[in-house]
Amino acid sequence: MRAWPVPALAAAAAIALLPAAARAEVWAYVDGRGMAHVAPQQLDSRYRRVLGDAPGGSGSEAVPGKTDRADGLLLWLEIAPEVKALAPLLRAAAEKHGVDEELLKAVITVESGFNAKAVSPRGAIGLMQITPVAADRYGTAAERRTPAETRLLDAQVNVHTGARMLADLIRRHGGIDIALAAWNAGEGTVRRHGGRLPDIAETRAHVQLVLELYWALLQERQARRATGMTLQPAR
């Protein structure tokens, strides 16, 4: 995962200072003063993994059927005109429904690659790949006057519907990872797995890639405020 909480050259220099044996993982956070804190392990709950393999994994996994991984997707997100065009819509939906703009962007990237007209073989439609059943559940009364198959092709309706759905799933499942699993595999599947991340390769890869993109995008936002950095030694 390539996601620095400080400008890239400063972060690279900091990581170079870590002991060779400690470079398997890098953990960091940016405090309220804009100071980035970097360590080779999670020193407390404020630290999040920004480089290295997740437990039990071997690095970033691709979602089955998709060849892109997080690094390439992040570069694409910086330059794609379709992403820039939708930025005001994502900000508005994030503010209205209480979901991070970066999370919406990560979900859309993995689900549809910002193709507003995408329709999956399973019938999921639009930017956030929402099924008509879910659209009717999370649509407003005014929206439901139009058939789901039609209204989900409208970017604004699709994103606001998806943001409502995502906010509700996070609220009810108590965590973004499980909410994303429910989004991908269905709430029934999550319940059958005891409310935990299902042992389904596609779902696990999907959740990992969305979370990796989400974290990287959050760190990019924080990096704009970073004014310095402290490097913590290994314990």
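Quick note: structure is the one above.
No experiment lies behind these values; they were computed from the predicted model shown.

Bringing the environment of E111 into the picture now. Looking at the secondary structure, you find E111 in helix 5 (residues 101–112). Using a relative accessible area of 16% as the deciding quantity, one classes E111 as buried. A distance of 3.1 Å separates a polar atom in the side chain of E111 from a polar atom in the side chain of H206.

In this section: the pattern of salt bridges. In total, this model carries nine salt bridges according to the counting rule given. The partner of E187 in a salt bridge is R137, and the shortest N-O contact between them spans 3.3 Å. Highlighted residues: E187 in helix 10 (residues 187–192) and R137 in helix 6 (residues 132–138), separated in sequence by 50 residues. Where R204 meets D199, a salt bridge forms, and the shortest distance between an N and an O atom there is 3.6 Å.

What follows deals with the nonpolar core. Counting 49 residues, the largest nonpolar core has L104, V107, M128, L166, W183 and L213 as its most contacted members. Mapped by element, the contributors of at least two residues to this core are helix 2 (70–79), helix 4 (87–97), helix 5, helix 6, helix 8 (155–173), helix 9 (176–185) and helix 11 (201–223). The element that contributes the greatest number of residues to this core is helix 11, accounting for nine residues. Every residue in contact with M128, bar those within four places of it in the chain, is listed here: L104, V107, I108, E111, N158, V159, G162, A163 and W183.

Quick look at the packing of helix 5 against helix 8 now. Close contact between helix 5 and helix 8 brings their axes to 11 Å; oriented N to C, the two are set at 110°. Between helix 5 and helix 8, the crossing angle belongs to the class labelled roughly perpendicular. The residues of helix 8 that touch helix 5, namely those facing L103, L104, V107 and I108, are V159, A163, L166 and I170. A class-by-class count of the residues in the contact of helix 5 with helix 8 yields eight nonpolar, no polar and no charged.

Our next topic: the side chain of H97. Of note, H97 is situated in helix 4. Accessibility expressed as a relative area gives 16% for H97, which makes it buried. A polar side-chain atom of H97 sits 2.9 Å from a polar atom in the side chain of H160. Excluding its chain neighbours within four sequence positions, the residues that come into contact with H97 are H160, A163, R164 and A167.

Conventions adopted
- Residues numbered from 1 in each chain as written.
- Predicted model: local features only at pLDDT ≥ 70, side-chain atom pairs only at ≥ 80, totals over all residues.
- Heavy atoms only, no water.
- Helix = DSSP H or I, 4+ residues; strand = E, 2+ residues; numbered from the N terminus.
- Buried < 20%, exposed > 50% of the residue type's maximum accessible area, 1.4 Å probe, protein only.
- Polar contact = N/O pair within 3.5 Å; in protein donor to acceptor, adjacent residues only side chain to side chain.
- Salt bridge = Lys/Arg side-chain N within 4 Å of Asp/Glu carboxyl O.
- Core = buried A, V, L, I, M, F, W, Y, C linked by side-chain atoms within 4.5 Å.
- Contact = heavy atoms within 4.5 Å.
- Axes fitted to C-alpha atoms, helices over the stretch in contact; angles between N-to-C directions.
- Parallel < 35°, antiparallel > 145°, perpendicular 65-115°, else oblique.
- Nonpolar A, V, L, I, M, F, W, Y, C, P; charged D, E, K, R; others polar.

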